Amino acid sequence: MAHVVLKDLVKTYGSFKAVNNVSLTVNDGEFVALVGPSGCGKTTTLNLVAGLIPITSGDIVIGDRVVNDLDPKDRDIAMVFQNYALYPQKSVYKNLAFPLQMRRLPKEEIDRKVREAARVLDMTELLERKPRELSGGQQQRVALGRALVRDPSVFLMDEPLSNLDAKLRVQMRSEIKRFHQDLKATIIYVTHDQLEAVTMADRMAVMNGGYLQQYDSPAQVFAHPVNMFVASFVGSPAMSLVPLEASTANGKSVLTSAEGWSLELSPHNAQKVAKAKTRKIVLGARHSTIKLHKSAVPGSIPAKAYTVEPTGDVTFVQAFLSGALVNISMPPTIAVAPDEQIWLEFDQERMHLFDGETEMALKAH
Amino acid sequence: MTILTGKAEAHRRLQSDKSGMLRKIWSHRADYAYVLPAIVVMLIVIAYPVYYTIELSFFNTPPGLQLRDKIFTGLDNYTAILKSPVFWKVTSNTLIWTLASTLIAFVLGFACALALHRDFAGRGILRAILIIPWVISAVAASYIWKWIYHSDFGIIGAVLVGLGLADRPPNFIDSVSTVLPSLIVVNIWREFPFAMIMMMAGLQTVPDQLLRAAKVDGANAWQRFCHVTFPHLRNVSTVTILLLAVANFNSFIIPWIMTGGGPSNASHIWITHIYELAFGRQRWGVASAYSVLLFMIVMSLGYFYVRALSGNERKDGSV
């Protein structure tokens, strides 16, 4: 296994910058997820690492080698594709053997490695089948196997679970996680599903518009998003973002809404707002940090329930605040009806504040 | 509730199947009415001529005799054909013509398709130029090539002489040994764009991801072609080759216009021979027997064509 370093990686198509000065380090044996919405540059980044498209500028280091100009086959990588990319005319055995044949390994060694990979992935009985005779999950396992037999330094995975149905996706998710734990493999995993990234990766690189937004552990990204994009992208349901105006009332720092209500800030949050260069502040709160009351309590804000979605364990209530839709979760024992008057109380300790102009998170110091 | 025994149950099911079928037909009666004119036309223009040809093939029709006075001779026409040296000459010509034209046109077309699959400046213009032979009329092409091959005024002869490669212009289509290859060249020239278009369409369906996977797996360009591209195009190749083979087996215009089968049958293929027998020498019976044999051969080619097509569907439409 090896570490991977991307240094100021740039990929342009004409005047369009698909990947914009991306720098990050993937440690040896680390599972890193590149995550972001469609067109954010995550798959392009992966293809650059694989060598399937040439880089415009920057450096890619795998192990101790700069691989910028090496062919994919010389980079010591293996790749797993979204559509499995199995050779349809070849049996599972031949699919697994193909990368080894291309490296002109002796027949006995190929056979040994193929059977070993099949044993590890529990698909020995599938070896003689053709890909079209396999289920989606089995095909993806063969694709993993084909990467595994190579014994590469780095595994590159391009949305490997996107073509599977929801149930199978959850199952394969744990299989890939197990695969990583057993092999101590270095894995770069591209996904648009933030849940996959959060559940599987050691660190996640959140990308948007070709830029790397934040690169940290899922827990850190979840708890301390650097900007409004990351805040709204990671976590489900998404963090609610309410645009407000900072002002002072009776010597106290408050956030006021165009709707007329205002929220008094704790000293810690007031310090953050004081540092902002603008009066436009966006309040961010995850559904679990907002408390719903059926009558007014000190510090709470009046709102009207818009929709109520019971999911069994929790019930999600949505309400409009300052024109933004806010998600609140609550125990199913509390009954709320749509259009009912409710009061919302924000947890000041776990509340996020963003600069309304730069969209960056506000810090106390 | 009635309990039916096994036998009674089977009988009842049979009855209901029968009436179900009739009911089905009845419920589609308007559809049958709509296709009826087409069926009648088909019977008149296809079924009747086929029947009449088969019938004629058992009769002798000496020139000068009215067709209605034809003489029944049983299988004589067939045995005469099989014994005739001309039959074997024409058959070997047809085989050489069909196989050579089909395979070379296919390989050439495939090569052009691969070349044009890459993006380069002027690709669109080149593609348009390469399609020209296929879109111009076969009659025009035949006359053009007749002039190109002409021993006195032909450009090929002039170039060969000019370069000092020949003392005098070769007699391409007047010599027994060169006439068939010369016609095959014209046929390939006319047909390869068809193979090219088919294979270009096929190439668009080769999944990019498979090629990229093969690249990562360490396959070079040739190995990617052998292991990904060509296997993926197997079905479209089969269909293209079969279509070309059927067209070549039935070709008429190029050999008929350029040489009329000559010199001394050296460029006669089945169709031109049948045409000459029937309309040149009024030997309807023998020509019909030839036609029946040809019909059977083409039908068996058609069977393989249909099988290749349905094979495509079985493999989830992966052409």
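Residues numbered from 1 in each chain as written. Chains lettered and ligands numbered in written order. Predicted model: local features only at pLDDT ≥ 70, side-chain atom pairs only at ≥ 80, totals over all residues. Heavy atoms only, no water.

K.L.:
Help me understand the pattern of salt bridges, please; the structure alone is not making it clear to me.
P.N.:
Where side chains of opposite charge bring their charged atoms close, a pairing between them can arise. For the structure shown, the criterion picks out 15 salt bridges over all chains. A:Glu30 is paired through a salt bridge with A:Arg203; the nearest N and O atoms lie 2.6 Å apart. Of this pair, A:Glu30 sits in the loop between β2 (16–26) and β3 (31–35) while A:Arg203 sits in strand β9 (residues 203–208), placing them 173 residues apart in sequence. B:Asp217 is paired through a salt bridge with A:Arg146; the nearest N and O atoms lie 3.6 Å apart. Of this pair, B:Asp217 sits in the loop between α9 (208–216) and α10 (221–232) while A:Arg146 sits in helix α4 (residues 136–149), which puts the two residues in different chains. (Salt bridge = Lys/Arg side-chain N within 4 Å of Asp/Glu carboxyl O. Helix = DSSP H or I, 4+ residues; strand = E, 2+ residues; numbered from the N terminus.)

K.L.:
Hey, could you run me through the domain arrangement of chain A in this one?
P.N.:
Many structure descriptions define interface size as the accessible area lost when the parts assemble. When its domains are assigned, chain A resolves into domain 1 (4–224) and domain 2 (240–355). Inter-centroid distance (C-alpha atoms) of domain 1 of chain A to domain 2 of chain A is 41 Å. (Domains from an automatic or database assignment.)

K.L.:
Would you mind going over the domain arrangement of chain B with me for this structure?
P.N.:
Residues and elements named next belong to chain B. Per the domain assignment, the segments making up chain B are domain 1 (6–56) and domain 2 (81–141 + 170–314). Relative to domain 2, the C-alpha centre of domain 1 lies at a distance of 37 Å. Each side of the interface is counted separately: domain 1 has four residues, and domain 2 has six residues. Carbon and sulfur atoms make up 83% of the surface buried where domain 1 meets domain 2, a total of about 370 Å² over both sides. Linking domain 1 with domain 2 are zero salt bridges. Here the side of domain 1 that touches domain 2 is built from residues that sort into three nonpolar, one polar and no charged. (Contact = heavy atoms within 4.5 Å. Buried area = accessible area lost by both parts, 1.4 Å probe. Nonpolar A, V, L, I, M, F, W, Y, C, P; charged D, E, K, R; others polar.)

K.L.:
Just checking my understanding: could you explain helix α9 (residues 267–275) of chain A for this structure?
P.N.:
In an α-helix, one full turn covers 3.6 residues, which means residues spaced three or four apart are oriented alike. All names here are of chain A. Within α9, burial applies to Asn269, Ala270, Lys272 and Val273. On an axial view of α9, the arc spanned by its buried residues comes to 155°, and they lie on one face. In α9, the exposed residues that point more than 90 degrees away from the buried face are Pro267, Ala274 and Lys275. Buried residues along α9 sit against β11 (240–249), β12 (252–256), β14 (280–285) and β20 (352–355). (Buried < 20%, exposed > 50% of the residue type's maximum accessible area, 1.4 Å probe, protein only. Arc of directions from axis to C-beta.)

K.L.:
Explain the packing of helix α5 (residues 123–135) of chain B against helix α8 (residues 179–204) of chain B here, please?
P.N.:
Residue and element names in this part refer to chain B. Taken N-terminus to C-terminus, the directions of α5 and α8 make an angle of 130°; their axes are 6 Å apart at the nearest point. Between α5 and α8, the interaxial angle falls into the category oblique. Remark: the crossing between α5 and α8 carries left-handed chirality. Only Trp189, Arg190, Phe192, Pro193, Phe194, Met196, Ile197 and Met200 of α8 make contact with α5, whose side of the interface consists of Arg127, Leu130, Ile131, Pro133 and Trp134. (Axes fitted to C-alpha atoms, helices over the stretch in contact; angles between N-to-C directions. Parallel < 35°, antiparallel > 145°, perpendicular 65-115°, else oblique. Left-handed = near helix turned anticlockwise from the far one by under 90°.)

K.L.:
What exactly am I supposed to notice about a nonpolar patch on the surface here?
P.N.:
Residue and element names in this part refer to chain B. A cluster of nonpolar side chains, namely Met21, Leu22, Ile25, Tyr32, Tyr34, Val35, Ile39 and Leu43, defines an oily patch on the protein surface of about 860 Å² accessible area. When residues of the nonpolar patch are traced back to their parent elements, those giving at least two are α1 (6–27) and α2 (29–56). Considering every element that reaches the nonpolar patch, the biggest residue donor is α2, with five residues. As for its placement among the helices and strands, isoleucine 25 is situated in helix α1. (Patch = residues over 30% accessible without salt bridge, like charges linked within 9 Å, V, L, I, M, F, W, Y side chains within 5 Å. Areas by Shrake-Rupley, 256 points an atom, 1.4 Å probe, with all protein chains shown as cover.)

K.L.:
For this particular structure, what's the right way to read the sheet that holds strand β18 (residues 324–330) of chain A?
P.N.:
Each strand in a sheet pairs with another by means of backbone hydrogen bonds, the pair being arranged parallel or else antiparallel. Residue and element names in this part refer to chain A. Taken together, the five strands give an open sheet; going across it, the order is β15-β19-β16-β17-β18, and neighbouring strands pair in antiparallel fashion. If you trace the sheet from one side to the other, it starts and ends with β15 (290–293) and β18, each paired once. On average, each strand axis in the sheet is inclined to that of its neighbour by 45°, with strand direction left out of account. Relative to β18, strand β17 (residues 315–321) runs antiparallel, the two sharing seven bridges. Paired with phenylalanine 320 across the strands is leucine 325, a residue of β18. (Pairing = 2+ DSSP bridges.)

K.L.:
Please explain unusual backbone geometry as it appears in this structure.
P.N.:
Where the residue is not glycine, phi is negative for most of them; where a peptide bond is considered, it is trans in most cases. Residue and element names in this part refer to chain A. At the junction of serine 236 and proline 237, the peptide bond is cis and its omega measures out at -5° in the coordinates. When you line up the elements, proline 237 lands in the loop between α8 (228–233) and β11. One non-glycine residue, aspartate 339, lies in the positive phi region at around 70°. Within the element layout of this structure, aspartate 339 appears in the loop between β18 and β19 (341–346).

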